[in-house]
Amino acid sequence: MPETPRRARQAATLSLVFGVVLLAGAAAGAWGDPGAPGRRVSADAAPAAVATLAAGQDPAGAALSEQQAEHLIGANGDRWGAYYSAQEYAEFSQGLDGRYLGVGLSVGRGQDGVTAVSQVQPGGPAAEAGIAAGDRLLRIGTDEADRLPVTEVVARLRGREGERRVGSEVVLAVRRDEGEVREVRLRRALLDSQQVAVERLDRGVVRIAVRAFTSGVAEQVRAVLRGPHSGVVLDLRGNSGGLVEEAAGTAAAFLDGGPIGSYQERGETRELTAPAGGDQRTPLVVLVDGGTMSAAELLTGALQDRSRAVVVGARTFGKGTVQQPSRLADGAVLELTVGRYFTPSGRSPEGGGLTPDVPAAGTEDAGALALRVLAGLGTRT
C-alpha cells in the first residue's frame, strides 16, 4: 500500500494523493473551510520546466516560480495538476489529517437568499457560543452575509490571509427566529473534520456515510462494523476522495483478503491487497452519485468487481488518476499526474466513471432505493 501523504510529508519524501479532499461546497460549506486550494491552469510552456517533466525527473527542490509551475502543469495538459503555496499545502495537509481551522459551523443559503446556519459542530467555538442550526447569519464583521457569495462567507469564517491561525477572531451577528440580533465573537480553533456519520436504522441496518477519506476514516468504519449490524449501506455520495490508504482500508473492512485494485506510477504497476479477516458476510449496498470521485471510486470499483456489494445511485464522477506532490525550494508544492489506478478487473474510472448496478431514475430517492435493494439481499442472522 502506498505511503500516505501525512507520513511522507513528515519524512520529507514524495507521496501519493488520490483526488482532492473538499471540506466545503459552494452551496453548503463545511465547518467554515472552503476546500482544497489547488489551482488548475492551462498556459504556454516554460521550456526548462517542460524539459524537466519530459525527462521524467522529479521537480522536488527545484527553484520554480509560481508562474513556471503553472506553465508546467498547462504544458503537460495535466487536468488534475495543481500548484500550492507553502501555506495552502499546510492547510491542505491538515484537511487530509482529518482536521481543519475554523469555528465549527456550516452555512447554507435558501432560495429566498437568506444565509443561515445549517450545522454546528459539537464542542466547537460556535456551539460553545450558543449558535444553533437554523440561526440566521446576518453579518460577518461589518459585511452583510446575504450580499456575499456563499463561498466568500465560508472563506471569511475560515479566515483571510493573515487570519488563518488558531486563536484568531471573527465577529458574527446572528438572530434566532424573530428574536434580537446577537453579536458573537468566535476564536478559530483546529477541529476534527468528522468525515464519518453513522445512522442506525430498523432491523439492525446501519448507514455509514463517508464524506472524504481523511486520516482515521478506515478505523472509524471498522469500529462501526464491530458493533451489532444485520446490513450496511455505505453512502459515498459527494465523497471527493482523499487518502488512498484510508479508502483501501475501508474496502478491506468488507473483504476477507484479495485484490482491492492497482495503480500505475510512471509505468510501474503496484497492487493494493486486503488482508484476511474483513466482514465478508453482511449484506452491503454502496450508494454513489456524480460527486463520488477518485479514492471513493477505487473503493466502489473494488467492492463491485469482487461482487461484495450492490452499487446503487448514479454514475460516478470519473477521476482515476494518481497525483504525486513534490516540494519546491520555497516550500511550495507542485502536484503532477503520474499514472492511473484500476479496479481489480482492470477498469479505470478516468473519464467515464463507474456505472451503478441499480441506477436511481430521475427524481427517485436514491437513499430509499438503497434500503429497498438491501432488503432484497436479506439480512445477516
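Computed from a predicted structure; not experimentally measured.

### Digging into the packing of helix α7 (residues 217-225) against helix α8 (residues 244-252)
At a minimum axis separation of 7 Å, α7 and α8 run at an interaxial angle of 20°. In terms of orientation, α7 lies roughly parallel with respect to α8. For the pair α7 and α8, the sense of crossing is right-handed. Across from V217, A218, V221 and R222 in α7, the residues of α8 making contact are E246, G249 and T250. Here the contact of α7 with α8 is built from residues that sort into three nonpolar, two polar and two charged.

### Some details on the sheet that holds strand β17 (residues 284-288)
Spatial ordering of the open sheet is given by β11-β12-β13-β17-β18-β21, a layout of six strands whose pairing is mixed. Lying at the two open borders of the sheet, with one neighbouring strand each, are β11 (196-200) and β21 (358-359). In the sheet, strand β13 (residues 231-235) pairs with β17 via four bridges, with the strands oriented parallel. Looking at β17, one finds that V232 is bridged to L284. The strands touched by α7 are β11, β12 (205-210) and β13; relative to β12, the strand with the most contacts, the crossing angle is about 175°. Helix α9 (residues 295-305) rests against β13, β17 and β18 (310-313) of the sheet, and its axis sits at about 145° to β17.

### A closer look at the pairing of strand β5 (residues 115-120)
Sheet analysis places strand β4 (residues 105-109) next to β5, joined by five bridges and oriented antiparallel. In the strand pairing of β5, R109 is matched with T115. Counting the residues that bridge the hairpin from β4 to β5 gives five residues, and of these G113 lies at a positive phi of roughly 85°.

### Considering the pattern of salt bridges
One pass over the structure, following the stated rule, counts 16 salt bridges. One salt bridge connects D235 with R207, and the closest N-O pair in it is separated by 2.7 Å. Taken together, the residues span a long stretch of sequence, with D235 in strand β13 and R207 in strand β12 at a distance of 28 residues. A salt bridge links E268 to R270, with the shortest nitrogen-to-oxygen separation between them at 3.6 Å. A residue is classified by how much of its surface remains accessible, and E268, at 43% relative accessible area, is partly exposed. For R270, a relative accessible area of 33% corresponds to the partly exposed category. Through salt bridges with shared partners, a single network forms among E199, R207, D235 and R237.

### Focus: unusual backbone geometry
Of note, the phi angle at D177 is positive, near 55°, even though the residue is not glycine. Checked against the element boundaries, D177 lands in the loop between β8 (169-175) and β9 (181-187). For D177, a relative accessible area of 65% gives the class exposed. The backbone of R203 sits at a positive phi, close to 60°, despite the residue not being glycine.

### Some thoughts on the pairing of β17
Burial analysis of β17 places five of its five residues in the buried class, the great majority of the element. Of the strand pairs in this sheet, β17 and β18 are connected by four bridges, and their pairing is parallel. What sits directly across from V288, in β18, is G313. Following the chain from β17 across α9 to the adjacent parallel β18, one finds a crossover that is right-handed.

Calculation rules
- Residues numbered from 1 in each chain as written.
- Predicted model: local features only at pLDDT ≥ 70, side-chain atom pairs only at ≥ 80, totals over all residues.
- Heavy atoms only, no water.
- Axes fitted to C-alpha atoms, helices over the stretch in contact; angles between N-to-C directions.
- Helix = DSSP H or I, 4+ residues; strand = E, 2+ residues; numbered from the N terminus.
- Parallel < 35°, antiparallel > 145°, perpendicular 65-115°, else oblique.
- Left-handed = near helix turned anticlockwise from the far one by under 90°.
- Contact = heavy atoms within 4.5 Å.
- Nonpolar A, V, L, I, M, F, W, Y, C, P; charged D, E, K, R; others polar.
- Pairing = 2+ DSSP bridges.
- Salt bridge = Lys/Arg side-chain N within 4 Å of Asp/Glu carboxyl O.
- Buried < 20%, exposed > 50% of the residue type's maximum accessible area, 1.4 Å probe, protein only.
- Right-handed = clockwise from strand over helix to strand, strands pointing away.

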